[in-house]
Structures are given as structure tokens and as C-alpha cells.
Amino acid sequence: MSDQTTQGRLRASSRDSEPHLARSLSNRHIQLLAIGGAIGTGLFMGSGKTISVAGPSVIFVYMIIGFMLFFVMRAMGQLLLSNLNYKSFSDFAGDLLGPWAGFFTGWTYWFCWVVTGVADVIAIAGYANELWPGIQLWIPGLATIIILLLLNLPTVKAFGETEFWFALIKIVAIVALIVVGLVMIFTGFQSNAGTASFTNLWSHGGFFPKEFMGFVAGFQIAVFAFVGIELVGTAAAETKNPEHNLPRAINAIPLRVMLFYVGALIILMSVTPWTEFKAGQSPFIAMFSLAGLGMAATVVNLVVLTSAMSSANSGIYSTSRMVYGLANDGDAPKLFGRLSSRKVPQNALFLSCVLLLAGVALLYAGKDVGVAFDMVTTVSAVCFMFVWSIILASYLVYRKRRPEQHAASPFKMPGGIPMVWVVFAFFAFLVWALTTQPDTLTALLVTPIWFAILGVAYAVVRKSPLHQARVAEWKAMSEAETAAAR
């Protein structure tokens, strides 16, 4: 029996007779999907708070997080390409770590994106209020959910096309910000905050004005800006020529982080000293307003609105695909495992959109948009770290049980096993960083409730004959592979 057959039989055998997701996402779709996933609401809305708490050291914060997550993406890419029967990282987690891992990873990733989508709805309502003062917050929130549902229902290609243009708008906005900022810097632009100059990066207390703990505080908010970076892994089952397109998208991550995060932040803090930034305000809008480009500031507000829409769009897409995969494994109701005639999991889409309505409710529950946004983004960031950790744990088992496949892989993770432990140590540091501030500590303490709920649900699911059969099959396969690897 071939490696491909052996490795895929757990997941693929039960699905061969079922309708499959269509491989309709082209190279340009998957490239822009990767960029769109890496540039989210966290950069446009959260960077104001990140700069205010960390100062110029925020540049290093984004560089370090981007560097570490690149290895998570390379591990994910190697595993996905080791078996094209894998629909997403939930599949290889279940295959390598056991059915429990597929259940916990799939549902946690689903929860991550529902929470992120809620944060995006909150952000959209906040920006809509800036554009149309006095508007009832529930109107833009509900309109967003309806629009995104209509965009995702037709075909996966329609989603890819929508996300392509959303991502392109974000790229144009950031490039425009960098160009305008450079002009302001080189012409010595004057404002109430002083002269635009690169010296602003170090002339207001140095690169670490709030010392080490200020630097640590920057990680709390910045990590949320990277959620969605693994989105290309969710789209693996619907990607044309994944052996070519996935490596290209993953390998471009470091360059994108340097340009879109580090480049933009350097420009922002050079034009305006970091001391002028405040939480809850978009630095992008502030810079264009400072330049006297009133209409441009309005346009950027629309761009930021589009960015939040893009992130919510990605969330609806990924949650629907994850629930679809869980339903096919018997880990979610069968209702969500059905595809429409256009090969779209429409029931799973409806579920995701209904849950996003929680964002509308949160707008009225919190003291302000900023408080609600901070709470849900911290919960989301912790859950995403769990998913990233599962990807790395799956890689460790893959290296142990399938050494021949690793040796033959054309897309190996750089650094191998030692680098996995470096990233794990970094994640431990991030969890500690979340304990250093009262607001993020509260959210961190709330997060285990989700895993307790999942534990109870799994205790029920594991009793089903289908799940027990999958566990028995997985044990037999893992024992055979472990013996063969010795």
C-alpha cells in the first residue's frame, strides 16, 4: 500500500463517495488570500494601542511574531503537501495526533474565527459611526453579516474573487500610506506634533521608552494582528495546483510582514512621534488627516472598513469549511456536512453568520467599542495559539512516525525539530505577556471555559460507534507506522 493511501485512509475513505469541495482558487486568489489573512483589523485598528504601550519597540514586536509564525506556516505547508487528501490542518492533526486532536483543533479554529468575526463586526460598526456620525450601531453590523453571506453563497470562486479585491484595496492603502509618509518625511512636514523625521523613532525616549514591560505589553495586542495567517491551510482543499501555489504563498510571508507591518509602522512613527498615538484610534486615518488630506482620510476610513469586512469574510469562509469537515468526520451534526449544488457548505455558512450576530449584541453590552474589541481579540489570540501549537505538535509526530516521507519532502520546514521547541517557548512567553495587564488577564482566565465545554462535548462524541471505530483504526495505523520507523 502506498504512503499516500496509508496516510489518507483515516480521513479520505469515508468521503470518497461524497461530493467534494471544488478546487477553484487560482494562484492569484491564494496569494492575495495569504496577504489578506496577514493584514487584518489588528493592524488598522489595534496598532494605535500597540504603539501607545510599546513605543518604537513595536517594530521589533511585529518582526519577532512574524518570524516565529513563519515556521508554523512552513510546518503546516509540509504536512498539507505530504498528503493531498488533507482538507486542512484539522485533518492532519486528527491523522497524526488522534481523532481527539481533529475534534479540538477543528472546533477551536471555528471558535477562533467566530470570535474574530465578532471583533470585526464591532470594528466595522465603530468605523461606520466615524463615517456616518449618529448611525445606530446595529445597522452596519447586521448589514455586514448579510452582505458577507450573499458573497459566500454562490461559489468558492466568488469568495476568492471578493477576497482578492478586498486584499488588493488593503495593499494599495498601505503602499499609499508609505509613499505619502515618505514625502512628508523628506519635505520636513511640520505639524503640532513636530517635524516629520526618522529621528522621531529614537528621539522620544529611544526605541524602548517604556522599558522591557512596555515591550512585553506590545505582544499582547500585536499577536492578534497575525490571526488568519494560516488561512491558506484552510483553503488547501479548494486550491488549484497546491504543490505550486501553497509554497509560494507561505514563503512570501516574511517579505509581507516586513513591508506591510514594519514598513507602515516605521512611517507612522516617523511622521508623528509615538507619544501622540492613542488606543481606539486608527493611526492610518490620523496620518492622512494630519497631512491635510481630508478626503483621503475619509477614503482611508472606508479602506479600514473594507479591511474589517475582508477579515470577517475570511472568518465566514474558514468557519464554514471547518464545520463542514467536522460534520464529515462525525464530529458535528450531519446537517453541516451537506454541499449545495454549487459545492458550497451553505448550512455551515448560515451557522457562522447567525453566530456573528453576537457582535451586534456586544456593541451594547460594553462601555465602549474599544473595551469590547480588546476582550474578544485576546480570547481569539489565545485560541489561535492553541491551533498553531497543534500544527507544531503534529509536525513532531510526523517526523517521528514518517521519517521517509520527511526525507522525500520537497518543502521541508527550516530548522526542523529544534525550531519547533523555540516557537513553543515563544508561545509560552506570549501567554505570560497576557497575564501582565488586567484586561488581557481577564480574557485569558475566561478562555479555559471554551476548552471545558469542548471536553464535555468530546466525552459525548467519543461514545459513538463511528468515533470509536476511527480511534481503533488510528491506533492500529500509528502502531504500525511507529514500528516501521524504528
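These figures come from a predicted structure and were not determined experimentally.

J.: I would appreciate a short explanation of the overall build of the protein chain in the present structure.
T.: Of the regular secondary structure elements, the protein chain holds 22 helices and 2 strands. Sorting the 486 residues of the protein chain into buried and exposed places 59% on the buried side. Taking all contacts inside the protein chain whose residues are at least 6 apart in sequence as the whole, residues at least 24 apart take part in 84%. If you sum the accessible surface of the protein chain, you get close to 18400 Å²; carbon and sulfur atoms cover 68% of it.

J.: Whenever I open this one, the packing of aromatic side chains confuses me. Can you help?
T.: When we look at a pair of aromatic rings, we describe it by the centre distance and by the angle of the planes. Applying the stated rule across the entire model yields 31 aromatic pairs. Here the aromatic rings of tryptophan 110 and tryptophan 450 are separated by 6.3 Å at their centres, their planes lie at 35°, and the arrangement is tilted. On the criterion of sequence distance, the pair formed by tryptophan 110 in helix α6 (residues 99–131) and tryptophan 450 in helix α21 (residues 448–461) is long-range, its members being 340 residues apart. Of the two residues, tryptophan 110 and tryptophan 450, both sit in the buried class. The cationic tip of arginine 74 hangs over the ring face of phenylalanine 411; the distance from NZ or CZ to the ring centre is 4.1 Å.

J.: Help me understand the side chain of arginine 470 in this model?
T.: Counting through the fold element by element, arginine 470 comes out in helix α22 (residues 465–485). Only 2.9 Å separates the side chain of arginine 470 from the backbone oxygen of aspartate 329, close enough to count as a polar contact.

J.: I keep staring at the pattern of salt bridges and nothing clicks. Help me out?
T.: Any two side chains of opposite charge can pair, given that their charged atoms come close. Scanning the model with the defined rule gives 4 salt bridges in all. We note a salt bridge from arginine 402 to aspartate 95, for which the minimum N-O separation is 3.7 Å. Of this pair, arginine 402 sits in the loop between α17 (369–401) and α18 (403–408) while aspartate 95 is found in helix α5 (residues 89–97), placing the two residues 307 residues apart along the sequence. Per residue, the accessibility class of arginine 402 equals that of aspartate 95, and both read buried. Two residues, aspartate 331 and arginine 470, come together in a salt bridge whose shortest N-O distance is 3.6 Å.

J.: Help me understand the packing of α6 against helix α15 (residues 346–355) in this model?
T.: The description of two packed helices rests on the angle between their axes and on the distance between the axes. One can describe the packing of α6 onto α15 by two numbers: an axis separation of 9 Å at closest approach and a directional angle of 45°. Regarding the angle of α6 to α15, the classification is oblique. As α6 packs across α15, the resulting crossing turns out to be right-handed. The residues of α15 that touch α6, namely those facing Trp110, Val114 and Val118, are Leu351, Ser352 and Leu355.

J.: Teacher, can you tell me more about the packing of helix α4 (residues 58–82) against helix α11 (residues 242–251) here?
T.: Between α4 and α11, whose axes approach to 10 Å, the crossing angle comes to 175°. Classified by the angle between their axes, α4 and α11 sit roughly antiparallel to one another. Packed against α4, whose contacting residues are Phe70, Met73, Arg74, Met76, Gly77, Leu80 and Leu81, the element α11 presents Pro242, Glu243, Leu246, Pro247, Ile250 and Asn251 at the interface. Within the contact of α4 with α11, the residues separate by chemical class into 9 nonpolar, 2 polar and 2 charged.

J.: Mind showing me how you'd approach α4 here?
T.: An α-helical turn contains 3.6 residues, so a residue and the one three or four places further along point in the same direction. Here α4 is 25 residues long and its end C-alpha atoms lie 36 Å apart, about the 36 Å a rise of 1.5 Å per residue gives. In terms of residue burial, α4 counts as a mostly covered element, since 20 of its 25 residues are buried.

J.: Honestly, the environment of alanine 264 in this entry has me stumped. Any pointers?
T.: Position of alanine 264 among the secondary structure elements: in helix α12 (residues 253–271). Relative accessible area serves as the criterion here: at 0%, alanine 264 is assigned to the buried category. As a C-alpha pair, alanine 264 and leucine 43 span 221 residues in sequence and 9.5 Å in three-dimensional space. Aside from chain neighbours lying at most four places away, what touches alanine 264 is Ile174, Leu177, Ile178, Leu259 and Phe284.

J.: What exactly am I supposed to notice about unusual backbone geometry here?
T.: Comment: phi is negative for the bulk of residues other than glycine, and the bulk of peptide bonds are trans. The backbone of glutamate 211 shows a phi angle near 60°, a positive value even though the residue is not glycine. When you line up the elements, glutamate 211 lands in helix α9 (residues 211–222).

J.: Just checking my understanding: could you explain the environment of methionine 213 for this structure?
T.: For methionine 213, the location among the structural elements is in helix α9. Under the relative-accessibility criterion, methionine 213 is labelled partly exposed at 40%. Linking methionine 213 and threonine 436, residues 223 residues apart in sequence, is a C-alpha distance of 8.4 Å. Methionine 213 has contacts with Trp432 and Thr436, leaving out every residue within four places of it along the chain.

J.: Is there a simple way to explain the environment of serine 314 in this structure?
T.: By the secondary structure assignment, serine 314 is in helix α14 (residues 294–328). Through-space distance from the C-alpha of serine 314 to that of leucine 231 is 7.8 Å; in sequence the pair is 83 residues apart. Excluding residues that lie within four positions of it along the chain, serine 314 makes contacts with Trp113, Phe159, Glu163 and Leu231.

J.: Would you explain the confidence of the model for the protein chain in this entry?
T.: Caution applies to low-pLDDT parts of the model: their predicted coordinates are not meant to be read in detail. The predicted model of the protein chain has a mean per-residue pLDDT of 80, with 85% of residues at 70 or higher. Counting contacts from residues 1–18, a segment whose pLDDT is below 50, to residues more than four positions away or on other chains yields 41 contacts.

Parameters at a glance
- Residues numbered from 1 in each chain as written.
- Predicted model: local features only at pLDDT ≥ 70, side-chain atom pairs only at ≥ 80, totals over all residues.
- Heavy atoms only, no water.
- Helix = DSSP H or I, 4+ residues; strand = E, 2+ residues; numbered from the N terminus.
- Buried < 20%, exposed > 50% of the residue type's maximum accessible area, 1.4 Å probe, protein only.
- Contact = heavy atoms within 4.5 Å.
- Areas by Shrake-Rupley, 256 points an atom, 1.4 Å probe, with all protein chains shown as cover.
- Phe/Tyr/Trp six-rings, centres within 6.5 Å; stacked < 30°, edge-to-face > 60°.
- Lys NZ or Arg CZ within 6 Å of the ring centre and 35° of its normal.
- Polar contact = N/O pair within 3.5 Å; in protein donor to acceptor, adjacent residues only side chain to side chain.
- Salt bridge = Lys/Arg side-chain N within 4 Å of Asp/Glu carboxyl O.
- Axes fitted to C-alpha atoms, helices over the stretch in contact; angles between N-to-C directions.
- Parallel < 35°, antiparallel > 145°, perpendicular 65-115°, else oblique.
- Left-handed = near helix turned anticlockwise from the far one by under 90°.
- Nonpolar A, V, L, I, M, F, W, Y, C, P; charged D, E, K, R; others polar.
- Expected span 1.5 Å × (residues − 1).
- pLDDT = per-residue confidence, 0-100.

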